[in-house]
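A look at the structure
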Amino acid sequence: MITGLTFKNMLLAAARHLDQQKDTVNALNVFPVPDGDTGTNMSLTLNAAIKELEMTGSVEVNRLASLLARGSLMGARGNSGVILSQFFRGFSDGLAHVQDGITGEDLAHAFVTASQTTYRAVMKPVEGTMLTVGRVAAEYAAAASEAEANAEGVLKAALEGARTALADTPNILPVLKQAGVVDAGGQGLLVIFEGFLAGLTATPEELEQLLAQQVAVQTAQAAPQLDEVVSVNKYCTEFIILGTGIDTQHVRRELEPQGESLIVVGDLDVVKVHIHTAHPGQVLEFCGQFGDLTEIAIDNMKLQNQEFASHEENHHLDFSTGTNVVDFPTDQVRGNPKPIGVVSVVSGDGLAEIFRSLGVDYVVAGGQTMNPSTEDLVKAVNSVNAESVIILPNNKNVIFSAQQAKELTEKQVGVVPTRSVPQGISALMYFVAEDSLEDNLAAMEEGMREVKTGEVTYAVRSTVAGDLHIEERDIIGLAEGKIAVVGATPTGVAQDLIRKMVDEDSSVISIYYGADLEPEAADELDELISAEYPDCEVEVHSGGQPLYYYIVSVE
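Residues numbered from 1 in each chain as written. Predicted model: local features only at pLDDT ≥ 70, side-chain atom pairs only at ≥ 80, totals over all residues. Heavy atoms only, no water.

**As for the overall build of the protein**
In terms of helices and strands, the protein carries 22 helices and 18 strands. Buried residues in the protein amount to 54% of all 555 residues. Sequence-distant contacts, at least 24 apart, represent 71% of the contacts inside the protein between residues at least 6 apart. (Helix = DSSP H or I, 4+ residues; strand = E, 2+ residues; numbered from the N terminus. Buried < 20%, exposed > 50% of the residue type's maximum accessible area, 1.4 Å probe, protein only. Contact = heavy atoms within 4.5 Å.)

**Considerations on helix 19 (residues 421-428)**
One full turn of an α-helix is made of 3.6 residues, so residues set three or four places apart face in the same direction. Along helix 19, eight of the eight residues are buried, which leaves the element largely enclosed by surrounding structure. Buried within helix 19 we find Val421, Pro422, Gln423, Gly424, Ile425, Ser426, Ala427 and Leu428.

**As for the sheet that holds strand 16 (residues 508-513)**
The strands that make up a sheet are held in pairs by hydrogen bonds between backbone atoms, and each pair lies either parallel or antiparallel. If you trace the six strands from one edge of the open sheet to the other, you get 15-14-11-18-16-17, paired in mixed fashion. Either end of the sheet is taken by a strand with one partner, and the two such strands are strand 15 (482-487) and strand 17 (537-542). Neighbour-to-neighbour, the strand axes of the sheet open up by a mean angle of 20 degrees, direction not taken into account. With six bridges joining them, strand 16 and strand 17 adopt parallel strand pairing. In the sheet register, Ile509 faces strand 17, and the bridge partner there is Val538. Contacts from helix 19 reach strand 11 (452-458), strand 16 and strand 18 (550-554) within the one sheet, and its direction differs from that of strand 18 by about 45 degrees. (Pairing = 2+ DSSP bridges. Axes fitted to C-alpha atoms, helices over the stretch in contact; angles between N-to-C directions.)

**Observations regarding the pairing of strand 9 (residues 386-392)**
Regular strands show a simple pattern: their side chains alternate between the two faces of the sheet. Among the seven residues in strand 9, six count as buried, and that is most of the element. With six bridges connecting them, strand 7 (residues 338-346) and strand 9 associate as parallel partners. Note on strand 9: the bridge partner recorded for Val342 is Ile390. With four bridges joining them, strand 9 and strand 10 (residues 412-415) adopt parallel strand pairing. Within the sheet, the bridge partner assigned to Ser388 lies in strand 10 and is Gln412. For the crossover that starts at strand 9, traverses helix 18 (residues 399-406) and ends in the parallel strand 10, the hand is right-handed. (Right-handed = clockwise from strand over helix to strand, strands pointing away.)

**Section: the nonpolar core**
Membership of the largest hydrophobic core comes to 68 residues, with the highest contact counts inside it found for Phe7, Phe91, Leu95, Phe111, Ile192, Phe193 and Phe196. When residues in this core are grouped by element, the largest group, nine residues, is from helix 7 (residues 151-172). Other than its neighbours up to four places away in sequence, Leu95 contacts Phe7, Val61, Asn62, Ala65, Ile102, Asp106 and Ala110. Ranked by size, the runner-up nonpolar core spans 48 residues in total, among them Ile340, Met448, Tyr512 and Tyr548. (Core = buried A, V, L, I, M, F, W, Y, C linked by side-chain atoms within 4.5 Å.)

**Points about the sheet that holds strand 10**
Ordered in space as 8-7-9-10, the four strands form an open sheet in which the pairing is parallel. Looking at strand neighbours, the two that pair on one side only are strand 8 (362-365) and strand 10, the edges of this open sheet. Each adjacent strand pair in this sheet contributes to an overall mean axis angle of 20 degrees, direction not counted. Sheet contacts for helix 17 (residues 374-383): strand 7, strand 8, strand 9 and strand 10; angle to strand 8, the most-contacted strand, approximately 165 degrees.

**Thoughts on the side chain of Asn41**
Residue placement: Asn41 occurs in helix 2 (residues 38-54). Assessed through its relative accessible area of 1%, Asn41 is described here as buried. Discounting residues that sit within four places of it in the chain, Asn41 has contacts with Arg77, Gly78, Ser80, Gly81, Asn371 and Asn397.

**Here we look at the packing of aromatic side chains**
The description of an aromatic ring pair uses the distance of the two centres, along with the angle that the planes make with each other. Under the counting rule described, the total for this entry stands at 10 aromatic pairs. Their ring planes at 35 degrees and their centres at 6.2 Å tell us that Phe91 and Phe196 sit as a pair that is tilted. With a gap of 105 residues between them, Phe91 in helix 4 (residues 78-94) and Phe196 in helix 9 (residues 184-201) connect regions that are remote in the sequence. In this structure, Phe91 and Phe196 share a single accessibility class: buried. Measuring from centroid to centroid gives 5.3 Å for Phe111 and Phe193, while their planes differ by 90 degrees, and the two rings are edge-to-face. Linking Phe111 in helix 5 (residues 104-121) with Phe193 in helix 9, this pair joins segments that are 82 residues apart in sequence. Here a set of aromatic residues connected by ring pairs shows up, and it is made of Phe7, Phe87, Phe88, Phe91, Phe111, Phe193 and Phe196. (Phe/Tyr/Trp six-rings, centres within 6.5 Å; stacked < 30°, edge-to-face > 60°.)

**A few points about the pattern of salt bridges**
In total, this model carries 15 salt bridges according to the counting rule given. Here Arg135 makes a salt bridge to Glu127, at a shortest N to O gap of 3.3 Å. According to the relative accessible area criterion, Arg135 is partly exposed, its value standing at 27%. Overall, Glu127 belongs to the partly exposed group, its relative accessible area being 32%. With a closest N to O distance of 2.6 Å, Arg499 and Asp496 form a salt bridge. (Salt bridge = Lys/Arg side-chain N within 4 Å of Asp/Glu carboxyl O.)

**Regarding unusual backbone geometry**
Despite not being glycine, Arg473 has its phi angle at roughly 80 degrees, a positive value. Turning to its location among the elements, Arg473 is positioned in the loop between strand 13 (468-470) and strand 14 (475-479). Exposure remark for Arg473: the relative accessible area of 53% places this residue in the exposed category. Despite not being glycine, Glu480 shows a phi value in the positive range, around 50 degrees. If you trace the backbone, Glu480 turns up in the loop between strand 14 and strand 15.

**Focus: the environment of Ser510**
With respect to the element layout, Ser510 can be found in strand 16. Overall, Ser510 belongs to the buried group, its relative accessible area being 3%. In this structure the side chain of Ser510 is engaged in a polar contact, spanning 3.5 Å, whose partner is the side chain of Glu539. (Polar contact = N/O pair within 3.5 Å; in protein donor to acceptor, adjacent residues only side chain to side chain.)

**Structural notes on a negative patch on the surface**
Where like charges cluster on the molecular surface, the negative patch consists of Glu518, Glu520, Asp523, Glu524 and Glu527. Here Glu524 is to be found in helix 22 (residues 519-532). Overall, the relative accessible area of 42% leaves Glu524 in the partly exposed class. (Patch = residues over 30% accessible without salt bridge, like charges linked within 9 Å, V, L, I, M, F, W, Y side chains within 5 Å. Areas by Shrake-Rupley, 256 points an atom, 1.4 Å probe, with all protein chains shown as cover. Lys, Arg positive; Asp, Glu negative; His and termini not counted. Charge placed at Lys NZ, Arg CZ, Asp CG, Glu CD.)

**Structural notes on the confidence of the model for the protein**
When pLDDT is averaged across the protein, the result is 84; 85% of the residues are at 70 or more. Note on residues 214-231: pLDDT under 50 across the span, and 19 contacts to partners over four residues away in sequence or across chains. Note that pLDDT drops below 50 for residues 304-333; the model gives that stretch 65 contacts with residues more than four away or on any other chain. (pLDDT = per-residue confidence, 0-100.)

If you want it as structure tokens, here you go:
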């Protein structure tokens with residue numbers, strides 16, 4: 001029989017084991033792009049649950065199981081994290097009747113209920129994934145229970161079933177066999193089960209050492225360091241210039257030495273300025289000569305960072321990547337609420353500014369490799385002063401979390417299932433504040449389909465994609481999520497990728513260059529594409545996104 005204290009230790013051990021193995025799980029990403037984050041998402045999800053457990057002194061099994069379900073639900077990140085949270089929700093339901101000790105029969109029931117819950121949570125369950133691994137583990141656990149095995153025997157049987165199912169995933173999903181990997185989510189679930197067994201069978205000395213390491217890891221993750229650049233250019237300064245005949249190029253050149261993350265966009269009469277600077281007064285004084293300044297916002301990023309650090313448990317932020325933070329909202333809770341607000345998930349200062357300029361109320365920083373948690377999205381929704389809120393995930397791995405957040409707030413929330421930044425921007429073109437939530441959701445979902453998405457990044461490992469032979473560190477171009485081009489330079493690959501995307505109906509090509517590229521490279525691509533497609537309008541913007549050299553939109 002497993003006591004409540006032992007059950008808690010099993011969960012702690014599982015979290016530690018997954019944290020140690022998350023990079024191995026990440027490396028199982030089918031596509032060789034640098035955003036394989038299944039292990040990271042599952043680890044962060046489980047660690048969110050651990051924080052809930054550590055806040056209680058209770059050792060009642062059903063109480064611990066309930067906290068496990070709640071913590072993982074709120075901390076769920078990415079598709080794998082959401083599915084894991086549903087597994088723990090079912091696991092908790094299976095132990096709801098247990099207070100003092102878990103028998104073999106109880107544990108088998110928990111595994112079976114967990115598997116059933118995950119299948120119900122996924123609209124179109126796919127075999128050969130972590131769903132299959134959980135189901136086969138449950139079948140083995142149930143068989144062991146029927147054979148009157150004790151709790152340890154049932155757990156060992158579940159682990160055997162998980163290993164068997166995981167090894168078979170490439171035979172079920174051809175894409176796994178082609179990539180030469182097993183399912184990443186299934187591997188993560190197996191690692192958790194291994195942690196369960198380690199927590200159950202470890203000696204007191206082994207357990208003490210294991211849990212001490214867990215505490216050290218959590219402490220390290222919860223101690224963000226303020227970037228030195230933020231200490232220098234610590235004032236995020238934004239405003240709009242209303243004037244006549246404003247020369248945006250001149251404004252940009254004069255402000256460039258004043259700070260970083262500079263954005264100057266607009267026309268002759270209305271110009272939006274964003275800059276991180278040490279001297280916001282000087283910036284305002286200079287720009288005031290061109291017209292009236294309005295919508296002025298100056299935020300001290302150093303104090304915001306300290307606020308985040310001191311209240312991390314309230315914001316539930318992940319500082320492990322240094323960039324996955326929720327945008328600190330301005331004063332949005334005053335005044336009468338508007339009918340509909342918009343929350344968007346996007347990574348990169350430039351892209352965030354573009355989405356704000358298109359009417360987004362709250363930007364959650366995230367995307368590839370740094371999926372926001374369900375709790376992050378819930379807090380974003382609740383921070384918008386609106387009766388209803390629309391969420392734009394802008395990433396296929398965030399859609400599930402957004403849909404889950406929809407169920408955890410009292411506000412009426414709709415999710416437009418945007419899978420990319422271009423789809424998010426296209427959807428915003430169809431947003432009408434005066435229309436109903438239902439009409440906006442229908443129009444925005446229709447609008448997002450009018451754009452093609454291309455992405456240029458690098459390969460993290462060698463592989464074969466159809467007729468393309470890809471070596472590690474090759475530059476690759478993806479059209480609608482599928483590898484279409486391989487080459488040596490980001491600009492060359494982008495040019496070839498756009499050739500595959502443009503057709504006779506195309507009229508607008510938008511290019512967003514990332515943090516790893518200099519503006520000169522983007523200017524070169526602009527000239528090449530403009531010359532090749534004179535009938536298309538070509539727009540180039542600084543996106544500032546990590547990992548992806550270019551994001552391309554073709555309409």
